[in-house]
Amino acid sequence: MTPEDEQRMRFVFALRQKGVMDARVLEAMEKVDRGAFVKGIFSDRAYEDMPLPIACGQTISQPSVVGLMTQALSLEPRHKVLEIGTGSGYQAAILSQLARRVYTVDRHKRLVTEAQDAFDALGLSNITALASDGTRGFPEQAPFDRIIVTAAAEDPPGPLLAELKPGGIMVVPVGQSDTVQNLIKVTRTETGFDYEEMRQVRFVPLVEGLGSD
Ligand code: SAH
């Protein structure tokens, strides 16, 4: 076994230990190299189960949290998915393995450009990344089968709830940015919305408006 194989095995083992059990999610996370989304001095820690700093003062999420959020979405190959908070692009890359089409938006143009470069390098062609304020939703492509928000909102944003198809699922961290937040799974029913608390998490805040870089 090469050191790379061993590193990958340990990576998947850590995901399982934290409750990522869905075989398709594990397969996607084994396949997509997280190292392609982490730059500079932190790149040698890409296979550890921890969040890491990226450009624009943001973070790439902890792999086990990426796994648990992806698992909660119960993705099917025909799904059209919206992600708010492209960041490094890693979460979008995982989604791209499990859904037909992924739209991902970030308020920082620089992050979108760098994520797009990583998608191109890995040959991931079913992701559309755009600089946009996700708190307003993404009306151009709505409605969506699944929505994932990877920044903490004080409440699930109304425009996003409105863009969820009936039967659709949204996963969103809810709470103040400087404290522990709750990861919420929202399911749209024929008559309204069901809310299920999943676990405590810590995300950077969802901020209204576009960033300056
Ligand atoms: N999913 C990312 C991690 C995201 S960190 C990954 O896999 O690496 C949260 C991201 O949300 C940051 O990049 C931040 O710029 C973005 N963000 C915050 N508020 C936003 C908003 N209103 N619209 C779009 N993106 C936003």
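Provided above is the structure to which this section pertains.
Everything in this summary refers to the structure shown in the same document. Source: prediction; values computed, not measured. (Residues numbered from 1 in each chain as written. Predicted model: local features only at pLDDT ≥ 70, side-chain atom pairs only at ≥ 80, totals over all residues. Heavy atoms only, no water.)

**Remarks on the sheet that holds strand E9 (residues 193-201)**
Strand pairs in the sheet, formed through backbone hydrogen bonds, run parallel or antiparallel to each other.
And then number 1: Ordered by their spatial adjacency, seven strands build an open sheet running E5-E4-E3-E6-E7-E8-E9, and the pairing between neighbours is mixed. Across the chains shown, the open sheet's two edge strands, defined by having one partner strand only, are strand E5 (127-131) and E9. When the angles between neighbouring strand axes are averaged without regard to direction, this sheet yields 15°.
And then number 2: As defined by bridge partners, strand E3 (residues 80-84) adjoins strand E6 (residues 144-149) across four bridges and the pair is classed as parallel. Along E6, the bridge assignment pairs Val 81 with Arg 146. (Pairing = 2+ DSSP bridges. Helix = DSSP H or I, 4+ residues; strand = E, 2+ residues; numbered from the N terminus. Axes fitted to C-alpha atoms, helices over the stretch in contact; angles between N-to-C directions.)

**Some words on the site of the ligand**
And then number 1: In the vicinity of the ligand, 28 residues are found, and the nearest of them are Ser 88, Asp 106, Asp 133, Gly 134 and Val 207.
And then number 2: Contact between the ligand and Gly 85: a nitrogen atom at 2.9 Å from a main-chain N or O atom of the residue.
And then number 3: Gly 134 has a polar backbone atom sitting 2.8 Å from a nitrogen atom of the ligand.
And then number 4: Coverage of the ligand by the protein amounts to 99% of the 580 Å² it exposes when considered alone.
And then number 5: Broken down by secondary-structure element, the contributors of at least two residues to the shell around the ligand are strand E2 (59-60), E3, helix H4 (90-98) and strand E4 (101-106).
And then number 6: Partitioning the shell around the ligand into residue classes produces 10 nonpolar, 14 polar and four charged. (Near = heavy atom within 4 Å. Polar contact = N/O pair within 3.5 Å; in protein donor to acceptor, adjacent residues only side chain to side chain. Areas by Shrake-Rupley, 256 points an atom, 1.4 Å probe, with all protein chains shown as cover. Nonpolar A, V, L, I, M, F, W, Y, C, P; charged D, E, K, R; others polar.)

**Describing the pattern of salt bridges**
And then number 1: Per the stated rule, a full pass over the model turns up eight salt bridges.
And then number 2: Residue Glu 76 pairs with Arg 78 through a salt bridge whose shortest N-O separation is 3.0 Å.
And then number 3: With relative accessibility at 33%, the residue Glu 76 sits in the partly exposed group.
And then number 4: On the accessibility criterion, Arg 78 (52% relative accessible area) is exposed.
And then number 5: Within the structure, one salt-bridge network assembled from shared partners comprises Lys 39, Arg 110 and Glu 114. (Salt bridge = Lys/Arg side-chain N within 4 Å of Asp/Glu carboxyl O. Buried < 20%, exposed > 50% of the residue type's maximum accessible area, 1.4 Å probe, protein only.)

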